[in-house]
Amino acid sequence: MALQTQPPRPDAPARGAADPLQQPGWIDGTRRVVDSLQNDPTVVAAERRLRCTCPCGLDIFTCRTTDFTCSYSPVLHDEVMELVKAGVDVDGVVAAFVAKHGERILLAPEARGFGVLGYILPGVAILASAGALTWVLIRRGRRPAPERGPNPPPPPLPAASQGEMARLDRALADLES
Amino acid sequence: MILLGQFAMWAALIVAVWTMVFAFSGRWRTRAEVATALIRAPYAVSACLWVASLSLWTAIFSHDFSVEYVYSYTSRNLPDYYLFASFWAGQKGSLLFWAVVLSSFGALAQAVTGARYRDLLPSVAGVTSGVVAFFLVVMLLGDANPFERLPFVPPDGRGLNPQLQNPGMVVHPPMLYLGYIGMTIPFAFAVAALFARRLDAGWIHAIRRWSLLSWLFLSVGITIGMWWAYVELGWGGYWAWDPVENASLLPWLTLTAFLHSVMIQEKRGMLKRWNLGLVIGSFLLSILGTFLTRSGVIASVHSFTQSNVGYFFLGFMIIVAVLCYTLLYTRWPALEPEAKLESLASREAAFLFNNLVLVGIAFSVLWGTLFPILSEAVRGTKISVGPPFFNRVNVPLGLLLLLLTGIGPLIAWRKTSIPNLKRQFGAPLTAATVALAALIAAGMRDGYALVALGLAGFVVGTVGQEFWRGTRARRRLYGEALLVAVARLVGRNQRRYGGYLVHLAIVVYFVAFTGGAFKVTREATLRVGESVEIKSPYGHVYRLTHLGVSQYEALNRRVSAATLDVRRDGVRIGTIKSEKRQHVDSFGRNTFQPSTEVGIMSSLREDLYLVFAGTVDLTERGSFAITVIPLVWWVWFGGVLLVIGGLITMWPRGIVVAPSIRPAATSARRAEEREPVAV
């Protein structure tokens, strides 16, 4: 198929009209008009707590505003909008979704029941390890140091040469690093 | 060429297995010619795998679509640089890439390791060859042969996934692979040292640059991966705690812990067992990442096609873990520390706690990644573990790590006195207080953000104090100009001051991540000439006016580009363009779903991020998602700073700045003026 080549028009003047696309077949389908409810804080807050059922791993709001090729998130978005239109609040939307889709629809498990284990285990493990480490260090610190006899006086130092001073500098640098 | 590639892979496998068997049979100890052959064998394995790799590249560039891999990941109209990168775009090619780089690293390790460690080299060759042999077995006996033929020759290939057609694809996967693969060399030396019972600090010195190199590649790979996700995927973020992202973070965390704890072994002869455990663990975590990516056991957008390959990796990981930790256990008595920790207020203790937090974060990330599997096994209920979980668990740990990053350099080795602590902590605490006061005065009220930015001030204060004192001492001692003193200070203590730059980079990352918490998004549908406004977290008002949709044909795609005029607080700052792309093959047939190319207008403060969703009723009336995200630019700057710090740290000594030599008389006079420098 021969395609017309047309450069982008970064400075195209505003026309104020909805002109038809020159190559409508190049755009897959059509988008719905965004209304004020799509940006409604209740809709956005609820969608941010719910996971899209596609493999993206993102929440519904992020997924449906990303790339706009997912076919799952728009359907889930419609469900959220219906509930919000019916006056359901954020927690109510989330509860309705969990009732319909199961716990997997939540972007993160709730901190109750088995989910609590998920949240607290890493912190508990680190605290327990830190406590054990501190205990060991304190215990070792209390042990008396082994007794040593008095050190003999050091021998007098000879005058250092230029080469020796350079070597000393390097050694000090090594020690510092 | 295909036959040659197949043959080369089999030849590499035979040599690698021979090397592994003879290295661990121990016969080389009594026969010098066998030891020499073992040391040279990695070169042969590497040569064979380069022949195989060049064969695959030849098939790719000659559009030999009879090869299933070439058909699946390339097309005739794919640009050359993406043809080159398609080598690692699919599972089979990436396994061959892994094998060839690992064999090259194995050969390089033999070439550059000094004669002091020659007795370890046959065992090192055995370990690296063993891992290469495993990859070859997966490819040749699993379902992953990159030279597999189709029963027919298609006229064109399927092409490369549009999301992979980004410059990041050319750099990000190889960097990550180099990081993962580089970890095999420290692992090989650790196993060789255990095997040979040579458990002094020798193996630690032999792997110092390798572990830094691996860490650096992994850091660069992760950062470029974040950039790629940001500019390509279109969700206005750079880190989503995806299982595969997590898999790259895990070995980075344990390797970072190792880079700190190894200093304690070098200076005090302590933590020998811990360091061996960390090196082995880091290698195993790199294999775990490969298992997660390739098994399909956890859903991820990054996953390769589900196949039996993942279970090869699971089996390999379990076997290696059992063998290595058993070996470590049998050498346990020989790994007694040479010194004891003397005080809680010592740098050793600070490093220990730093290690604890780093490994703790790694554990929490792994725990969160695997928690869905555990939950399903225990409760029979599938759950999802997404960003809110990871943020809730890891943000406090990250802040604790930031605190320790600031504390570590302020405490002396062995023991610190109270007056010394007061002297050391004064400036950093002042910096933290000033930062906090400024932020509160500016109206910031978010608790986590305040703590993060206050701690960032603390760490910057610590690093600044270290540079200031070191520079001041040099200027007094040698009378050097400021910049010369800084350069020489860094040049003569590369590891220390390069490390401080890395700490600064981590601070920059944290500050940038904090900005991500304040992003705002709104959607709008605009006719040509219509405008929408969005208020940024800084209070700026952006006004975007739809200028129209252009359609044109590019190299291998049909583009519909929406252009919007942008004004900030009433002042025009330019135009922003986002595209919908439909990729086609050389016959003009659609190859993938349409994809989106985001528009980004970046500044030091915040990014304006535009996603063109599509058009309404096939007119130029377009739907858009507009996001303002603060401080994203600083993520990339943090990455650059981290690379600079890492390069300084691992740069060969003596090349950066020549040491200054002064006359003995002058040095004696100046030594009298010397002020003690806190170390």
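Thresholds, definitions, all that
- Residues numbered from 1 in each chain as written.
- Chains lettered and ligands numbered in written order.
- Predicted model: local features only at pLDDT ≥ 70, side-chain atom pairs only at ≥ 80, totals over all residues.
- Helix = DSSP H or I, 4+ residues; strand = E, 2+ residues; numbered from the N terminus.
- Contact = placed C-beta atoms within 7 Å.
- pLDDT = per-residue confidence, 0-100.
- Pairing = 2+ DSSP bridges.
- Axes fitted to C-alpha atoms, helices over the stretch in contact; angles between N-to-C directions.
- Domains from an automatic or database assignment.
- Nonpolar A, V, L, I, M, F, W, Y, C, P; charged D, E, K, R; others polar.

Undergrad: Sorry if this is basic, but what is going on with the overall build of chain A here?
TA: When you go through chain A residue by residue, the secondary structure sums to six helices and zero strands. Traced from its N-terminal end to its C-terminal end, chain A shows the element sequence α-α-α-α-α-α. Within chain A, contacts between residues at least 6 apart in sequence are counted, and of these 36% link residues at least 24 apart.

Undergrad: What am I meant to see in the confidence of the model for chain B here?
TA: The predicted structure's coordinates, where accompanied by low pLDDT, should not be read in detail. Residue and element names in this part refer to chain B. Looking at chain B, the pLDDT average stands at 89 and 94% of residues meet or exceed 70. Element-level mean pLDDT values for chain B span from 40 in helix α20 (residues 664–673) up to 96 in strand β7 (residues 599–602). Throughout residues 655–679 the model reports pLDDT below 50, and contacts reaching past four residues in sequence, or to other chains, amount to 35 contacts. Interface scoring of the predicted complex returns ipTM 0.79; its pTM is 0.87.

Undergrad: What am I meant to see in the sheet that holds strand β1 (residues 520–526) of chain B here?
TA: Where strands meet in a sheet, backbone hydrogen bonds hold them as pairs that are either parallel or antiparallel. Residue and element names in this part refer to chain B. One open sheet holds the four strands; their spatial order is β1-β9-β8-β7, and the pairing between them is antiparallel. Among the strands making up the open sheet, the edge pair consists of β1 and β7. Each adjacent strand pair in this sheet contributes to an overall mean axis angle of 20°, direction not counted. Where strand β8 (residues 606–615) meets strand β9 (residues 622–630), nine bridges bridge the pair, whose relative direction is antiparallel. If you follow D607 over to β9, its bridge partner there is I629.

Undergrad: I would appreciate a short explanation of the domain arrangement of chain A in the present structure.
TA: A common way to state how big an interface is: give the accessible area lost once the parts meet. Under the domain assignment, chain A is made up of domain 1 (34–105) and domain 2 (110–142). Centre-to-centre separation of domain 1 of chain A and domain 2 of chain A, based on C-alpha positions: 36 Å.

Undergrad: For this particular structure, what's the right way to read the sheet that holds strand β2 (residues 531–535) of chain B?
TA: Residues and elements named next belong to chain B. Strand order in the open sheet formed by five strands is β2-β3-β4-β5-β6, with antiparallel pairing between adjacent strands. The outermost strands of the open sheet, each flanked by one partner alone, are β2 and β6 (595–597). The mean angle between the axes of side-by-side strands here comes to 30°, regardless of whether they run parallel or antiparallel. Of the strand pairs in this sheet, strand β3 (residues 541–554) and strand β4 (residues 557–568) are connected by twelve bridges, and their pairing is antiparallel. Looking at β4, one finds that Y542 is bridged to R568.

Undergrad: Mind showing me how you'd approach the domain arrangement of chain B here?
TA: Residue and element names in this part refer to chain B. Here chain B is described as being made up of domain 1 (1–160), domain 2 (166–348) and domain 3 (520–634). Taking only C-alpha atoms, the centre of domain 2 and the centre of domain 3 are 39 Å apart. With four residues of domain 2 at the contact, the number on the domain 3 side is nine residues. Class assignment for the residues of the side of domain 2 that touches domain 3 results in two nonpolar, two polar and no charged.

Undergrad: What is the right way to look at the interface of chain B and chain A in this model?
TA: Contacts between the two partners involve 90 residues from chain B and, on the opposite side, 73 residues from chain A. Partitioned by chemical class, the residues of the side of chain B that touches chain A number 40 nonpolar, 31 polar and 19 charged.

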